[in-house]
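Understanding the architecture of this molecule
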Amino acid sequence: MADYCQRLVIKNSLFFITITWRGIMNKILNIMLSMTIGIVCLTGCMPAGTQPPGEVNLVQLQPPEEGQEMAIMTTNMGVIKFVLYEDYAPNTVAHFKKLVQEGFYNNNPIFSVQKEVSSMLAGATDDVGNEGKVVTEDGEKIKPETSKDVWHFSGAVSAIGDEEGIFAKTIMSDSRFFIVGNREADTEILEQLEENNYPEKVISAYKELGGMPVYTGRFTVFGQVVEGLDIVDNIINQETKKTDEGQDTGIPAKELIIESIELSAYSFDDSTDGAE
């Protein structure tokens, strides 16, 4: 545990982008993109209730189990399938499934595409992603469920929401989520992982699969794309609207819609072009 109980300081400003659209500051994108001098907690320092330290078992590198629960997301750009990690993010998965069963995501817009961090964002209740829906029994947002066994590799499906707290910021999630596209992991961040004694398995996986290691400990990974990662990349690379000053808003220039999400079960016959 001591090896993991370090802190990673993001020293560069590659991820600092302020998104403004019609005078509205988009909170959710600032959380994702404003990491100029962020301090991200490593796996051994994750919140109480997460898995204890031990051998790293990277489930995203393994084939999904036959019958594992899966979401089939149909968009107007194509179909994306991702398995769900209920064992690693039980509350987040349960909340997502309840929203799916209620039909919340049907005809829900993909409100932002971010080429800089290779992510597509959806699941908001407003046009710019500032608000999400909560359907928990107590009406509270979901606490982070970070695990040493699931990471923000390419194809990771991750929950997002609002920052809460004064000094120690915690991201409490709701209906909003993002999917990491197929991108090479930032070499400077990987070097910092090595300096802070991250597991070699994790670093090697990021080098092989790509992804966004800068999100470590910040967001709950609750799924992994097993089919349609090319659709994710296509969505991310769509044109976006600009402000009058020419600033990229991240808002798609043409309508991008989640037409439906259905729950299903993974079969070995399914193609798997996501990170496994």
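Coordinates for the structure precede this section.
Keep in mind that this is a model prediction, so the values were computed, not measured.

A closer look at the side chain of Thr220
Mapping Thr220 onto the fold places it in the loop between helix H4 (200-209) and strand E11 (221-227). On the basis of relative accessibility, which here comes to 4%, the residue Thr220 falls in the buried class. There is a polar contact of 2.8 Å between the side chain of Thr220 and the backbone nitrogen of Glu145.

A closer look at the pattern of salt bridges
With the rule as written, the count across this model stands at 10 salt bridges. One salt bridge connects Lys97 with Glu69, and the closest N-O pair in it is separated by 2.9 Å. Remark: Glu69 occurs in strand E5 (residues 69-75) and Lys97 occurs in helix H2 (residues 90-101); sequence separation between them is 28 residues. Given a relative accessible area of 27%, Glu69 falls into the partly exposed group. Between Lys141 and Asp162 there is a salt bridge whose closest N-O contact spans 2.5 Å. Linking Lys141 in the loop between strand E8 (119-122) and strand E9 (156-164) with Asp162 in strand E9, this pair joins segments that are 21 residues apart in sequence. Residue Lys141 is classed as partly exposed on the basis of its relative accessible area, which comes to 22%. Take Asp162: its relative accessible area is 10%, and that puts it in the buried class. Overlapping salt bridges, with partners in common, bring together Lys141, Asp162, Asp174 and Arg176 in one network.

Here we look at the pairing of strand E14 (residues 257-265)
Pairing geometry for E5 and E14, over 7 bridges, is antiparallel. Residue Met70 lies in a different strand from E14, and its bridge partner there is Ser264. Pairing geometry for strand E7 (residues 108-114) and E14, over 2 bridges, is antiparallel. Bridge assignment links Pro109 to a residue of E14, and that residue is Ile257.

Observations regarding the sheet that holds E9
In spatial order, the strands read E5-E6-E11-E9-E10-E8-E7-E14; together these 8 strands close into a barrel with antiparallel pairing. Going across the sheet, the axis of each strand differs from the next one's by a mean of 40°, ignoring polarity. Against the sheet, H2 makes contact with E5, strand E6 (78-84), E9, strand E10 (170-180), E11 and E14, and its axis sits at roughly 115° relative to E14, the strand it touches most. Packing against the sheet, helix H5 (residues 229-236) makes contact with E5, E6, E7, E8, E10 and E11, and its axis sits at approximately 120° to E6.

Quick word on the environment of Gly228
Along the chain, Gly228 falls in the loop between E11 and H5. Overall, Gly228 belongs to the buried group, its relative accessible area being 3%. On a C-alpha basis, the gap between Gly228 and Gly155 in space is 9.1 Å, while along the polypeptide they are 73 residues apart.

Points about unusual backbone geometry
If you check the backbone angles, Asn107 has positive phi at about 60° while not being a glycine. Mapped onto the elements of the fold, Asn107 is located in the loop between H2 and E7. According to the relative accessible area criterion, Asn107 is exposed, its value standing at 59%. For Ser118, which is not glycine, the phi dihedral falls at a positive 45°. As for its placement among the helices and strands, Ser118 is situated in the loop between E7 and E8.

Conventions adopted
- Going along each chain's sequence as written, the residues are numbered from 1 onward.
- Confidence filtering applies because this is a predicted model: local features only for residues at pLDDT of at least 70, side-chain atom pairs given and counted only at 80 or more, and all residues used for totals across whole chains, interfaces and linings.
- Note that water and hydrogens are dropped before the side-chain values are worked out from all heavy atoms of the structure.
- Numbered from the N terminus, helices here are DSSP runs of H or I no shorter than four residues, and strands are runs of E no shorter than two.
- Whether a residue is buried, partly exposed or exposed follows from its accessible area with a 1.4 Å probe, protein chains only, as a fraction of its type maximum: under 20%, in between, or over 50%, in that order.
- Polar contacts here mean pairs of N or O atoms no more than 3.5 Å apart (in protein, one a potential hydrogen donor and the other a potential acceptor; neighbouring residues in sequence count only if both atoms are side-chain atoms).
- Basic side-chain nitrogens of Lys or Arg form a salt bridge, by our definition, when they fall within 4 Å of a carboxyl oxygen of Asp or Glu.
- Only strands joined by at least two bridges in the DSSP assignment are considered to pair.
- Axes here refer to lines fitted to C-alpha atoms; in helices the fit is confined to the stretch in contact. Angles between the N-to-C directions go from 0 to 180 degrees.
- Contact definition: two residues touch when any of their heavy atoms are within 4.5 Å.

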